[in-house]
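Listed here are the chains, written in short residue letters.
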Amino acid sequence: MEFKIAVLPGDGIGPEISVQGVDVMSAVCEKFGHKVTYEYALCGADAIDKVGNPFPDETFEICKNADAVLFSAVGDPKYDNDPTAKVRPEQGLLAMRKKLGLFANIRPVQTFKCLLHKSPLRAELVEGADFLCIRELTGGMYFGEKYQDNEMAYDTNKYTRPEIERILKVAFEYAMKRRKHLTVVDKANVLASSRLWRQIAQEMAPSYPEVRTDYMFVDNAAMRMIQEPTFFDVMVTENTFGDILTDEGSCISGSMGLLPSASTGESTPVFEPIHGSWPQAKGKNIANPLAQILSVAMLFEHFDCKAEGALIRRAVDASLDACVRTPEIQVEGGASYGTKEVGAWIVEYIRKA
Ligand code: IPM
Ligand code: MN
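1. Some thoughts on the domain arrangement of the protein chain
Okay, step 1: Segmentation of the protein chain into domains returns domain 1 (1-102 + 266-353) and domain 2 (103-258).
Okay, step 2: For domain 1 versus domain 2, the distance between C-alpha centres works out to 23 Å.
Okay, step 3: With 22 residues of domain 1 at the interface, the matching set in domain 2 holds 22 residues.
Okay, step 4: Summing the contributions of domain 1 and of domain 2, the shared interface buries around 2000 Å²; its carbon and sulfur component is 63%.
Okay, step 5: Put simply, domain 1 and domain 2 have 1 salt bridge between them.
Okay, step 6: One salt bridge connects Arg166 with Glu266, and the closest N-O pair in it is separated by 2.8 Å.
Okay, step 7: Our count for the domain 1 to domain 2 interface comes out at 7 residue pairs in polar contact (both at pLDDT 80 or more).

The following block contains the structure:
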């Protein structure tokens, strides 16, 4: 195959982990005889500083013309505590999602056996947890009508039937490919938007008779995720609930630095880690590159390159088993490896495989 990849390193630790993702992508392409080219583009605070726009038109063009986007992270503390800032790095990410029509965000929550003790939950609770959170990504409060003055502010949580149908279809299809259990997460006891979600899910469920579909309020789902994470197979939810639940999900595995994600929809798909830009770690070579590297595995799998994805996953597992790990997951007394060293070890594993 030929891959044209748009690379958006962004802010904070983004550029450091981006390099590792690109190196792994290149190593796998070389191994399997694929051709790959990269085009780099600005986004986030970096783009605001350089051209005054967190998602410049040029970046959009590069993304639109690529087969896939390898995205890293955006965000900078200088904007976080300034509610008056007119432009923010996060707007770049939101603009990318909206302009590329990336309505389906697939966030797998998986555990690694050798890291079970790193989980804030008891190992016996998390062992075997393996679920997908499907988060609607271009609707709801993030994009609904907004208003703000000094006395009043609101965000509108609006969803239309077609928006709900298309994301539920994605969710039912994933459930069919997995353990055939779908949990629709909403707040239908309070919110009208949630009631429409639930109604449409109930209309669609009979078309997927093999899927066991259940409905759970979001507060209850947040509790169930830590009480019994193995309960879930595929969960689907709206944008805001999905944002919150996937942060919760990502820490189950023991480190936020481990989980990748894919955003798909109408145009070029985007592959990115779940974690943010961790500005405090910028330039220190301590950020875990595994979430970014596993995003590359998801990229290959998206294009049905299963062996390529599997090789990356094997390489990641092998690095963990060999205790080639960044500090936050290293064993006591284990050697110290940084972002670059972990990435280089994985590239080497792929070359030799
Ligand atoms: C995420 C992030 C983004 C979101 C931010 C950076 C806008 O938290 O991808 O989960 O809220 O969607
Ligand atoms: Mn988030």
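Text resumes after the structure shown.
2. Looking at the pattern of salt bridges
Okay, step 1: One pass over the structure, following the stated rule, counts 25 salt bridges.
Okay, step 2: Here Glu124 makes a salt bridge to Arg122, at a shortest N to O gap of 3.0 Å. Comparing Glu124 with Arg122 shows no difference in burial state: the two are exposed.
Okay, step 3: Between Lys352 and Glu348 there is a salt bridge, with the nearest N and O atoms lying 3.9 Å from each other. Linking Lys352 with Glu348, this pair stays in helix H13 (residues 339-352), spanning 4 residues, or about one helical turn.
Okay, step 4: You can call Lys352 exposed: its relative accessible area is 66%.

3. Here's the deal with the pairing of strand S9 (residues 212-217)
Okay, step 1: Judged from the 6 bridges that link them, strand S8 (residues 181-186) and S9 form a sheet pairing that is parallel. When the bridges of S9 are listed, Val184 appears paired with Tyr215.
Okay, step 2: Handedness of the S8-helix H8 (residues 192-204)-S9 crossover: right-handed.

4. Side note on the layout of surface pockets
Okay, step 1: Estimates place the volume of the largest pocket at around 1300 Å³.
Okay, step 2: If you trace the largest pocket, you find 45 residues lining it, with Val74, Glu90, Leu93, Tyr142 and Asp243 closest to the centre.
Okay, step 3: Secondary-structure elements contributing two or more residues to the lining of the largest pocket are strand S3 (68-73), helix H4 (77-80), helix H5 (89-99), strand S6 (146-148), strand S7 (153-155), helix H10 (239-252) and strand S12 (270-273).
Okay, step 4: Residue contributions to the lining of the largest pocket peak at 5 residues, all from H5.
Okay, step 5: Among the residues forming the lining of the largest pocket, the class breakdown is 20 nonpolar, 11 polar and 14 charged.
Okay, step 6: Looking at which domains feed residues into the lining of the largest pocket, each of domain 1 (1-102 + 266-353) and domain 2 (103-258) gives three or more.
Okay, step 7: Reported here for the second largest pocket is a volume of approximately 710 Å³.
Okay, step 8: The wall of the second largest pocket is formed by 20 residues, among which Leu132, Tyr174, Lys177, Met298 and Glu301 lie closest to the centre.
Okay, step 9: Counting only elements with at least two residues in the lining of the second largest pocket, the list comes to strand S4 (104-110), strand S5 (130-136), helix H7 (161-177), strand S11 (260-264), helix H11 (290-302) and helix H12 (306-321).
Okay, step 10: With 4 residues, the single largest contributor to the lining of the second largest pocket is H7.
Okay, step 11: Residue assignment places the lining of the second largest pocket across two domains, with domain 1 (1-102 + 266-353) and domain 2 (103-258) each supplying three or more.

Cut-offs applied
- Residues numbered from 1 in each chain as written.
- Chains lettered and ligands numbered in written order.
- Predicted model: local features only at pLDDT ≥ 70, side-chain atom pairs only at ≥ 80, totals over all residues.
- Heavy atoms only, no water.
- Domains from an automatic or database assignment.
- Contact = heavy atoms within 4.5 Å.
- Buried area = accessible area lost by both parts, 1.4 Å probe.
- Salt bridge = Lys/Arg side-chain N within 4 Å of Asp/Glu carboxyl O.
- Polar contact = N/O pair within 3.5 Å; in protein donor to acceptor, adjacent residues only side chain to side chain.
- Buried < 20%, exposed > 50% of the residue type's maximum accessible area, 1.4 Å probe, protein only.
- Helix = DSSP H or I, 4+ residues; strand = E, 2+ residues; numbered from the N terminus.
- Pairing = 2+ DSSP bridges.
- Right-handed = clockwise from strand over helix to strand, strands pointing away.
- 1 Å grid on protein atoms, 1.4 Å probe; cavity = no way out; pocket = protein on both sides within 12 Å on 5 of 7 lines; lining within 4 Å.
- Points joined across faces, edges and corners; volume = space filled by probe spheres on them.
- Nonpolar A, V, L, I, M, F, W, Y, C, P; charged D, E, K, R; others polar.

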